[in-house]
Structure formats: structure tokens, C-alpha cells
Amino acid sequence: MSLRFFSVKFKRLPEIFILCLLCLAVWHSVTFNRDLTVAIGGFSPLHYLAQLSCPTCFIGDFPNYDQFSKSLISQIYKVLQFIGTTPYNSLLFVIACEIVTFTIVVYLGAIKVFKRTKAESLFITILVSSSTVLHINLGGWQAPIFSGLPYVLAHTLQILGIFLFLAGHPISCSIFLTLSFATHPVIGLLGIAFIVGAMLGN
């Protein structure tokens, strides 16, 4: 039994290695000169972290980051700040978590829900995670898809919820769609609308 267990695990090493390389490559491409991108763009979780450090310094600011503080992802930044992580390193860490979780969800969805082969699942994951296929960018935002903001986490939880619905796990689906809503209400509601539409269609 133990030999069979290890043989199965070793068979998964190539795909795990490819996914790890993919995550590392995407993280490097997204975070390369990220400090300059943030300085030019201005819209970043670093502003929120600066507000946490010195609330009185931002009394006259437009209250757009009050909305960010209500998102589930802001709690991750609060924990990182509490343990002493610098704001910029916190941003890099959250971006890494976004990439890893999104990549895993896409791969498992392809192989478990849509029953694709390992090769097909890897190709789909590489395409979706590393290309501009997800950059539905009609607004012209400067931020890349993995930016440390609530959007990617909300989409990842939303997609996972939809996958669980398609796989026949309504309770787990409800949990992850609720977490998606807590991260970004509009994205969470879109996931819920998809589920409701699918149920009405049946």
C-alpha cells in the first residue's frame, strides 16, 4: 500500500513542477518593477496600509479606501502588518497567494469538473494564468490582473463556487460564493446570478 501511495505521488511530480514554474514565472513578470508601477498608477493596497499606519495623515483624502477596508482581502493585509511584514512585502506575498490559488483552481476545475486530460488541463492553466485572456480591460485600468486588490481573490472564489456547483456540491458552493461576495460584492453577485440562471434553466 505504501509503495503504491508513493508511486501515485511521484507520478504527479511533473505536473506539480510545471505548475510551480508557472506560478513563479507569472509572479516574477507581475512583480518586476512593481514599485514603479504602483508609484505611477497610485491605486494600490499600499495606500490602504499607509492609512492603517497613520490615519490622521489622510483625513482630507477621498474615502475610496474605506470600501477596500470592508473587503475580506483587507484582513490578510492587517494580519501581515500585525506580524511586522513591510507594506511592499505584504503586497508581493498577497500577489503570490493570488497566483497560486487561481492557478490551482483553474487546473483542478479543468481536470476534475470538465474531465480534461492532464496535458489539456496544464495547457488551459498556462493559457489562462499567464496570458492576457483574462484582461477584459475595457476601462483601460493600468493594474495587471494580479495586483493585490480584491478582484482576483473574488473571482477565484467565484469560479471555485461555480465549479463546486457543477460538481454537485451545493453547500460548498454556497460557502465560496459567500466568501466571494465578502471580498467583492458585485463579483460575488455575478457568481450567484450564474448559479440561479443555471438552476432555472434546469
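Before reading on, note that the structure itself is shown above.
Residues numbered from 1 in each chain as written. Predicted model: local features only at pLDDT ≥ 70, side-chain atom pairs only at ≥ 80, totals over all residues. Heavy atoms only, no water.

Asker: Even after reading the chapter, I still don't get the side chain of serine 180, so can you show me in this structure?
Answerer: Along the chain, serine 180 turns up in helix α10 (residues 170-183). Relative accessible area serves as the criterion here: at 0%, serine 180 is assigned to the buried category. Setting aside residues up to four positions removed in sequence, serine 180 forms contacts with Ala154, Leu157, Gln158, Ile187 and Gly188. (Helix = DSSP H or I, 4+ residues; strand = E, 2+ residues; numbered from the N terminus. Buried < 20%, exposed > 50% of the residue type's maximum accessible area, 1.4 Å probe, protein only. Contact = heavy atoms within 4.5 Å.)

Asker: What is the right way to read the environment of lysine 78 from this model?
Answerer: Among the secondary structure elements, lysine 78 is positioned in helix α6 (residues 72-82). Residue classification places lysine 78 among the partly exposed positions, given a relative accessible area of 33%. For lysine 78, the contacting residues outside a window of four places in its chain are Tyr48 and Leu52.

Asker: How should I be thinking about α6 in this particular structure?
Answerer: Since the α-helix turns once every 3.6 residues, residues separated by three or four places project in the same direction. For α6, the set of buried residues is Ile73, Ser74, Tyr77 and Leu80. Relative to the axis of α6, the buried residues are bounded by an arc of 115° and lie together on one face. Exposed residues on α6 whose side chains face more than 90 degrees from its buried face are Val79 and Phe82. Count one or two residues on from α6 and you reach glycine 84, which has phi positive near 95°. (Arc of directions from axis to C-beta.)

Asker: Is there a simple way to explain the pattern of salt bridges in this structure?
Answerer: Any two side chains of opposite charge can pair, given that their charged atoms come close. A full pass over the atoms with the stated rule returns one salt bridge. The partner of lysine 118 in a salt bridge is glutamate 15, and the shortest N-O contact between them spans 3.2 Å. Note that lysine 118 is positioned in helix α8 (residues 118-130) and glutamate 15 in helix α2 (residues 13-31), a separation of 103 residues in sequence. (Salt bridge = Lys/Arg side-chain N within 4 Å of Asp/Glu carboxyl O.)

Asker: I'm lost on the state of the cysteines in this one. Help?
Answerer: As used here, a disulfide is simply a covalent bond connecting the sulfur atoms of two cysteines. Applying the stated rule across the entire model yields zero disulfides. Free of any disulfide, cysteine 20 has its nearest neighbouring cysteine sulfur in cysteine 23, separated by 6.6 Å. (Disulfide = S-S within 2.5 Å.)

Asker: Any chance you could explain the packing of helix α4 (residues 45-53) against α6 here in plain terms?
Answerer: A pair of packed helices is captured by two measures, namely the crossing angle of their axes and the spacing between those axes. Running from N to C, α4 and α6 cross one another at 55°; their axes reach a closest spacing of 11 Å. It follows from the interaxial angle that α4 and α6 lie oblique. Considering how the two elements wind past one another, α4 and α6 form a crossing that is right-handed. In contact with Pro45, Tyr48, Leu49, Leu52 and Ser53 of α4, α6 contributes Ser74, Tyr77, Lys78 and Gln81. (Axes fitted to C-alpha atoms, helices over the stretch in contact; angles between N-to-C directions. Parallel < 35°, antiparallel > 145°, perpendicular 65-115°, else oblique. Left-handed = near helix turned anticlockwise from the far one by under 90°.)

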